[in-house]
Amino acid sequence: MDKDRNTQHPGQDGPLTGRIALVAGATRGAGRALAVELGRAGATIYVTGRTTREHTSEVGRTTETIEETAELVTAAGGTGIAVPTDHLDEDRVRALVDRIDREQGRLDILVNDLWGGEHLLIGSVFGKKSWETPLADGLRILELGVRSHVITAALALPLLVRSDAPLHVEVTDGTAVSNRRYRENLYYDLAKNAPIRIAFGLGEELAEYGGTAVAVTPGFLRSEQMLAHFGVSEDNWRDAVAQEPAFAIAESPHYLARAVAALAADPDRAARWNGKSTSSAELARTYDVRDIDGSRPDCWAYFEDITHGGMNKPVDDYR
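Bear in mind the structure is a predicted one, so any value in this text is a computation, not a measurement.

Caption draft 1: Quick peek at helix 6 (residues 186–206). Between the first and last C-alpha of helix 6 there are 30 Å, a value that for 21 residues agrees with the 30 Å anticipated at 1.5 Å per step. Bending of helix 6 peaks at approximately 25° at the position of Ala194, with proline Pro195 no more than four residues after it. N-capping of helix 6 is provided by Asn185, with a side-chain oxygen placed 3.0 Å from the backbone N of Tyr187.

Caption draft 2: Main features of the side chain of His149. Within the element layout of this structure, His149 appears in helix 5 (residues 135–160). Within the structure, the side chain of His149 is placed 2.6 Å from the side chain of Glu170, a separation counted as a polar contact.

Caption draft 3: The packing of aromatic side chains, seen in detail. Considering all chains together, one arrives at eight aromatic pairs under this definition. Aromatic pair Trp115 and Tyr188: ring centres 6.2 Å apart, planes at 65°, arrangement edge-to-face. Remark: Tyr188 occurs in helix 6 and Trp115 occurs in the loop between strand 4 (109–112) and helix 4 (118–124); sequence separation between them is 73 residues. What makes Trp115 buried here is its relative accessible area of 16%. When the ring of Phe126 is compared with that of Tyr188, the centres are 6.0 Å apart and the planes differ by 70°; the resulting orientation is edge-to-face. Placement of the pair is Phe126 in the loop between helix 4 and helix 5 and Tyr188 in helix 6, with a sequence separation of 62 residues. Looking at Phe126, the relative accessible area reads 35%, which means it is partly exposed. Of note, Lys192 hangs over the ring of Trp115, and the distance from its end group to the ring centre comes to 3.7 Å.

Caption draft 4: Region of the structure containing the sheet that holds strand 7 (residues 277–279). Pairing is parallel across the open sheet formed by seven strands, whose spatial order is 3-2-1-4-5-6-7. Edge positions in the open sheet fall to strand 3 (79–84) and strand 7, since each of these has one partner strand only. Strand-to-strand twist in this sheet, taken as the mean axis angle between neighbours without regard to direction, amounts to 20°. With three bridges joining them, strand 6 (residues 212–217) and strand 7 adopt parallel strand pairing. In the strand pairing of strand 7, Ala215 is matched with Ser277.

Thresholds, definitions, all that
Residues numbered from 1 in each chain as written. Predicted model: local features only at pLDDT ≥ 70, side-chain atom pairs only at ≥ 80, totals over all residues. Heavy atoms only, no water. Helix = DSSP H or I, 4+ residues; strand = E, 2+ residues; numbered from the N terminus. Expected span 1.5 Å × (residues − 1). Bend = angle between axes of the 7 residues up to and from the residue. Polar contact = N/O pair within 3.5 Å; in protein donor to acceptor, adjacent residues only side chain to side chain. Phe/Tyr/Trp six-rings, centres within 6.5 Å; stacked < 30°, edge-to-face > 60°. Buried < 20%, exposed > 50% of the residue type's maximum accessible area, 1.4 Å probe, protein only. Lys NZ or Arg CZ within 6 Å of the ring centre and 35° of its normal. Pairing = 2+ DSSP bridges. Axes fitted to C-alpha atoms, helices over the stretch in contact; angles between N-to-C directions.

Structure below.
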(Lines give C-alpha, C1' and ligand atoms only; values in the text may rest on other atoms or scores of the structure.)
Protein backbone atom coordinates (compact mmCIF):
# COMPACT_ATOMS: atom_id res chain seq x y z
CA MET A 1 0.00 0.00 0.00
CA ASP A 2 1.41 3.39 -1.01
CA LYS A 3 0.76 5.57 2.00
CA ASP A 4 1.53 8.70 -0.02
CA ARG A 5 -1.04 8.25 -2.75
CA ASN A 6 -3.62 10.26 -0.80
CA THR A 7 -1.18 13.04 0.10
CA GLN A 8 -0.50 14.45 -3.36
CA HIS A 9 -0.85 18.18 -4.03
CA PRO A 10 -3.00 18.28 -7.18
CA GLY A 11 -4.01 21.89 -6.60
CA GLN A 12 -5.33 23.37 -9.81
CA ASP A 13 -5.27 19.98 -11.51
CA GLY A 14 -7.50 18.46 -8.83
CA PRO A 15 -11.03 17.11 -9.27
CA LEU A 16 -12.55 20.08 -7.42
CA THR A 17 -10.72 22.80 -9.33
CA GLY A 18 -13.00 25.79 -9.78
CA ARG A 19 -15.39 24.70 -7.03
CA ILE A 20 -16.29 27.08 -4.21
CA ALA A 21 -16.72 25.69 -0.70
CA LEU A 22 -17.62 27.03 2.71
CA VAL A 23 -16.36 24.99 5.66
CA ALA A 24 -18.21 26.40 8.65
CA GLY A 25 -16.32 25.54 11.81
CA ALA A 26 -12.86 24.93 10.36
CA THR A 27 -10.69 26.12 13.21
CA ARG A 28 -9.49 22.65 14.21
CA GLY A 29 -10.31 18.95 14.15
CA ALA A 30 -12.41 17.50 11.35
CA GLY A 31 -13.35 20.95 10.07
CA ARG A 32 -9.75 21.99 9.55
CA ALA A 33 -8.91 18.72 7.82
CA LEU A 34 -12.01 18.96 5.62
CA ALA A 35 -10.97 22.42 4.48
CA VAL A 36 -7.43 21.24 3.74
CA GLU A 37 -8.44 18.13 1.81
CA LEU A 38 -11.09 19.95 -0.25
CA GLY A 39 -8.40 22.53 -0.97
CA ARG A 40 -5.94 19.81 -1.89
CA ALA A 41 -8.47 18.70 -4.50
CA GLY A 42 -8.33 22.20 -5.98
CA ALA A 43 -11.28 24.04 -4.41
CA THR A 44 -11.45 27.57 -3.09
CA ILE A 45 -12.37 27.33 0.58
CA TYR A 46 -13.95 29.95 2.79
CA VAL A 47 -12.79 28.99 6.28
CA THR A 48 -14.86 30.21 9.22
CA GLY A 49 -14.77 29.98 12.97
CA ARG A 50 -14.53 32.10 16.11
CA THR A 51 -10.86 31.71 17.05
CA THR A 52 -8.47 34.02 15.23
CA ARG A 53 -5.00 35.28 15.96
CA GLU A 54 -6.62 38.20 17.81
CA HIS A 55 -9.61 36.49 19.46
CA THR A 56 -10.17 33.21 21.30
CA SER A 57 -13.59 31.55 21.47
CA GLU A 58 -15.15 29.97 24.55
CA VAL A 59 -13.37 26.72 23.63
CA GLY A 60 -10.31 28.40 25.10
CA ARG A 61 -7.65 27.11 22.72
CA THR A 62 -5.24 29.63 21.23
CA THR A 63 -3.20 27.00 19.40
CA GLU A 64 -5.45 26.75 16.32
CA THR A 65 -6.88 29.65 14.33
CA ILE A 66 -8.88 30.08 11.14
CA GLU A 67 -6.02 32.04 9.60
CA GLU A 68 -3.74 29.05 10.12
CA THR A 69 -6.35 26.76 8.57
CA ALA A 70 -6.61 29.01 5.51
CA GLU A 71 -2.83 28.96 5.13
CA LEU A 72 -2.85 25.16 5.30
CA VAL A 73 -5.51 25.07 2.59
CA THR A 74 -3.40 27.24 0.32
CA ALA A 75 -0.26 25.24 1.07
CA ALA A 76 -2.12 22.07 0.08
CA GLY A 77 -2.89 23.50 -3.35
CA GLY A 78 -6.24 25.20 -2.89
CA THR A 79 -7.18 28.75 -2.05
CA GLY A 80 -7.92 29.38 1.62
CA ILE A 81 -9.86 32.46 2.70
CA ALA A 82 -10.34 33.03 6.44
CA VAL A 83 -13.50 34.87 7.48
CA PRO A 84 -14.06 35.22 11.25
CA THR A 85 -17.67 34.24 11.85
CA ASP A 86 -19.84 33.38 14.83
CA HIS A 87 -22.50 31.21 13.21
CA LEU A 88 -24.97 32.00 15.97
CA ASP A 89 -24.91 35.64 14.85
CA GLU A 90 -27.33 35.91 11.94
CA ASP A 91 -25.90 39.24 10.76
CA ARG A 92 -22.37 37.81 10.64
CA VAL A 93 -23.54 34.78 8.66
CA ARG A 94 -25.48 37.00 6.24
CA ALA A 95 -22.36 39.10 5.75
CA LEU A 96 -20.34 35.95 5.07
CA VAL A 97 -22.82 34.69 2.48
CA ASP A 98 -23.00 38.14 0.86
CA ARG A 99 -19.22 38.18 0.58
CA ILE A 100 -19.12 34.76 -1.10
CA ASP A 101 -21.89 35.89 -3.46
CA ARG A 102 -20.05 39.11 -4.27
CA GLU A 103 -16.69 37.42 -4.82
CA GLN A 104 -17.77 34.12 -6.41
CA GLY A 105 -21.42 34.36 -7.48
CA ARG A 106 -22.28 30.91 -6.18
CA LEU A 107 -21.45 28.24 -3.62
CA ASP A 108 -20.89 24.60 -4.60
CA ILE A 109 -20.13 22.90 -1.30
CA LEU A 110 -21.37 23.77 2.18
CA VAL A 111 -19.85 21.87 5.10
CA ASN A 112 -21.58 22.42 8.44
CA ASP A 113 -18.97 21.31 10.97
CA LEU A 114 -20.09 23.71 13.69
CA TRP A 115 -19.73 22.55 17.30
CA GLY A 116 -17.26 23.88 19.86
CA GLY A 117 -18.99 22.38 22.87
CA GLU A 118 -16.38 19.93 24.12
CA HIS A 119 -15.62 22.11 27.14
CA LEU A 120 -19.18 21.53 28.37
CA LEU A 121 -19.18 17.76 28.18
CA ILE A 122 -16.99 16.46 31.00
CA GLY A 123 -18.41 18.66 33.74
CA SER A 124 -21.99 19.07 32.59
CA VAL A 125 -22.94 16.11 30.39
CA PHE A 126 -21.05 12.85 30.73
CA GLY A 127 -22.28 10.76 33.63
CA LYS A 128 -25.17 13.11 34.37
CA LYS A 129 -28.91 12.81 33.96
CA SER A 130 -30.42 15.56 31.87
CA TRP A 131 -31.89 17.25 34.95
CA GLU A 132 -28.44 17.25 36.57
CA THR A 133 -26.99 19.16 33.64
CA PRO A 134 -27.11 22.91 34.28
CA LEU A 135 -29.87 24.19 32.03
CA ALA A 136 -27.70 26.99 30.68
CA ASP A 137 -25.06 24.45 29.62
CA GLY A 138 -27.65 22.16 28.03
CA LEU A 139 -29.17 25.00 26.04
CA ARG A 140 -25.71 26.17 24.99
CA ILE A 141 -25.01 22.70 23.62
CA LEU A 142 -28.17 22.96 21.51
CA GLU A 143 -27.17 26.40 20.31
CA LEU A 144 -23.68 25.26 19.32
CA GLY A 145 -24.70 21.92 17.81
CA VAL A 146 -28.13 22.62 16.31
CA ARG A 147 -29.08 26.30 16.07
CA SER A 148 -25.77 27.24 14.42
CA HIS A 149 -26.31 24.55 11.77
CA VAL A 150 -29.85 25.72 11.04
CA ILE A 151 -28.88 29.39 10.77
CA THR A 152 -26.00 28.61 8.42
CA ALA A 153 -28.06 26.32 6.21
CA ALA A 154 -30.98 28.73 6.04
CA LEU A 155 -28.81 31.66 4.97
CA ALA A 156 -26.35 29.83 2.68
CA LEU A 157 -28.69 27.49 0.81
CA PRO A 158 -30.07 30.17 -1.55
CA LEU A 159 -26.49 30.63 -2.76
CA LEU A 160 -25.76 26.90 -2.77
CA VAL A 161 -28.67 26.07 -5.09
CA ARG A 162 -27.11 28.25 -7.79
CA SER A 163 -24.51 25.51 -8.21
CA ASP A 164 -24.98 22.94 -10.95
CA ALA A 165 -24.45 20.21 -8.33
CA PRO A 166 -25.02 21.50 -4.78
CA LEU A 167 -23.44 19.53 -1.94
CA HIS A 168 -24.42 20.06 1.69
CA VAL A 169 -22.44 18.10 4.30
CA GLU A 170 -23.55 17.90 7.92
CA VAL A 171 -20.79 16.74 10.29
CA THR A 172 -21.91 15.08 13.51
CA ASP A 173 -20.98 12.32 15.95
CA GLY A 174 -22.49 8.96 15.01
CA THR A 175 -24.59 7.61 12.17
CA ALA A 176 -28.34 7.09 12.18
CA VAL A 177 -27.64 3.43 12.98
CA SER A 178 -25.16 3.98 15.81
CA ASN A 179 -27.25 6.81 17.26
CA ARG A 180 -30.28 4.60 17.69
CA ARG A 181 -28.73 4.13 21.13
CA TYR A 182 -29.10 6.95 23.62
CA ARG A 183 -26.08 9.25 23.57
CA GLU A 184 -25.75 9.42 27.40
CA ASN A 185 -27.42 12.78 27.91
CA LEU A 186 -30.53 14.41 26.41
CA TYR A 187 -28.80 17.58 25.24
CA TYR A 188 -25.92 15.73 23.62
CA ASP A 189 -28.29 13.20 22.05
CA LEU A 190 -30.34 15.98 20.49
CA ALA A 191 -27.27 17.88 19.30
CA LYS A 192 -25.77 14.87 17.54
CA ASN A 193 -28.97 13.49 16.04
CA ALA A 194 -30.23 16.83 14.69
CA PRO A 195 -27.61 17.07 11.88
CA ILE A 196 -28.68 13.65 10.65
CA ARG A 197 -32.27 14.86 10.35
CA ILE A 198 -31.08 18.12 8.76
CA ALA A 199 -29.32 16.15 6.04
CA PHE A 200 -32.36 13.92 5.57
CA GLY A 201 -34.72 16.88 5.24
CA LEU A 202 -32.45 18.95 3.03
CA GLY A 203 -31.92 15.89 0.84
CA GLU A 204 -35.62 16.06 0.04
CA GLU A 205 -35.44 19.77 -0.71
CA LEU A 206 -32.22 19.71 -2.75
CA ALA A 207 -33.23 16.78 -4.93
CA GLU A 208 -34.95 18.97 -7.53
CA TYR A 209 -31.71 20.95 -7.89
CA GLY A 210 -29.63 17.84 -8.49
CA GLY A 211 -28.17 18.35 -5.04
CA THR A 212 -26.90 16.10 -2.30
CA ALA A 213 -27.27 16.48 1.44
CA VAL A 214 -25.45 13.96 3.58
CA ALA A 215 -24.55 13.58 7.25
CA VAL A 216 -21.06 12.28 7.96
CA THR A 217 -19.28 11.25 11.12
CA PRO A 218 -15.69 10.49 12.00
CA GLY A 219 -14.91 7.69 14.41
CA PHE A 220 -12.80 8.14 17.54
CA LEU A 221 -11.14 11.32 16.35
CA ARG A 222 -7.54 12.22 17.09
CA SER A 223 -8.36 15.91 17.11
CA GLU A 224 -6.02 18.44 18.64
CA GLN A 225 -8.25 18.61 21.71
CA MET A 226 -8.45 14.83 22.10
CA LEU A 227 -4.68 14.43 21.81
CA ALA A 228 -4.23 17.16 24.42
CA HIS A 229 -6.78 15.45 26.68
CA PHE A 230 -4.66 12.29 26.70
CA GLY A 231 -1.37 14.18 26.85
CA VAL A 232 -0.06 12.76 23.58
CA SER A 233 0.70 14.03 20.08
CA GLU A 234 0.03 12.66 16.62
CA ASP A 235 3.52 11.11 16.70
CA ASN A 236 2.95 9.06 19.86
CA TRP A 237 -0.84 8.83 20.04
CA ARG A 238 -0.75 5.08 20.65
CA ASP A 239 0.63 5.78 24.14
CA ALA A 240 -2.91 6.85 25.08
CA VAL A 241 -4.24 3.32 24.54
CA ALA A 242 -3.04 2.44 28.04
CA GLN A 243 -5.51 5.03 29.38
CA GLU A 244 -8.32 4.27 26.92
CA PRO A 245 -8.19 0.90 25.10
CA ALA A 246 -10.72 2.03 22.49
CA PHE A 247 -8.26 4.70 21.37
CA ALA A 248 -6.51 1.92 19.49
CA ILE A 249 -9.04 2.44 16.69
CA ALA A 250 -8.63 6.24 16.69
CA GLU A 251 -8.38 8.00 13.36
CA SER A 252 -6.83 11.25 12.23
CA PRO A 253 -9.12 14.07 11.07
CA HIS A 254 -7.80 13.59 7.54
CA TYR A 255 -9.44 10.18 7.24
CA LEU A 256 -12.95 11.62 7.12
CA ALA A 257 -11.72 14.64 5.18
CA ARG A 258 -10.16 12.57 2.41
CA ALA A 259 -13.34 10.53 2.16
CA VAL A 260 -15.57 13.61 1.93
CA ALA A 261 -13.29 15.11 -0.72
CA ALA A 262 -13.73 11.91 -2.73
CA LEU A 263 -17.49 12.09 -2.26
CA ALA A 264 -17.48 15.72 -3.42
CA ALA A 265 -15.73 14.67 -6.64
CA ASP A 266 -18.16 11.78 -7.29
CA PRO A 267 -20.57 12.61 -10.13
CA ASP A 268 -22.96 9.94 -8.82
CA ARG A 269 -22.97 11.16 -5.24
CA ALA A 270 -26.66 12.14 -5.20
CA ALA A 271 -27.78 8.63 -6.09
CA ARG A 272 -25.42 7.14 -3.52
CA TRP A 273 -25.74 9.47 -0.55
CA ASN A 274 -28.54 12.01 -0.76
CA GLY A 275 -30.44 12.19 2.53
CA LYS A 276 -28.31 9.51 4.15
CA SER A 277 -25.90 9.37 7.06
CA THR A 278 -22.56 7.65 6.74
CA SER A 279 -19.20 7.30 8.44
CA SER A 280 -15.58 7.86 7.56
CA ALA A 281 -15.10 4.09 7.38
CA GLU A 282 -18.01 3.49 4.99
CA LEU A 283 -16.91 6.33 2.74
CA ALA A 284 -13.31 5.07 2.86
CA ARG A 285 -14.39 1.64 1.68
CA THR A 286 -16.51 3.14 -1.08
CA TYR A 287 -13.79 5.45 -2.40
CA ASP A 288 -10.69 3.39 -1.53
CA VAL A 289 -9.38 5.98 0.91
CA ARG A 290 -7.00 5.35 3.80
CA ASP A 291 -5.89 7.28 6.83
CA ILE A 292 -2.52 9.03 7.01
CA ASP A 293 -0.88 5.89 8.43
CA GLY A 294 -2.23 3.69 5.62
CA SER A 295 -4.88 2.04 7.81
CA ARG A 296 -8.66 1.99 7.38
CA PRO A 297 -10.14 2.11 10.90
CA ASP A 298 -13.81 1.35 11.53
CA CYS A 299 -14.65 2.79 14.92
CA TRP A 300 -18.40 2.26 14.71
CA ALA A 301 -18.07 -1.44 13.85
CA TYR A 302 -15.70 -1.79 16.81
CA PHE A 303 -18.20 -0.16 19.17
CA GLU A 304 -21.04 -2.30 17.81
CA ASP A 305 -19.14 -5.60 18.10
CA ILE A 306 -16.86 -5.07 21.09
CA THR A 307 -18.28 -2.29 23.27
CA HIS A 308 -21.95 -3.13 22.86
CA GLY A 309 -21.81 -6.68 21.51
CA GLY A 310 -19.30 -8.15 23.94
CA MET A 311 -17.36 -9.90 21.19
CA ASN A 312 -13.74 -10.87 21.75
CA LYS A 313 -11.88 -9.87 18.63
CA PRO A 314 -8.47 -8.21 18.18
CA VAL A 315 -8.57 -4.48 17.65
CA ASP A 316 -6.45 -4.88 14.52
CA ASP A 317 -9.52 -6.39 12.87
CA TYR A 318 -10.97 -2.88 12.91
CA ARG A 319 -7.98 -1.07 11.39
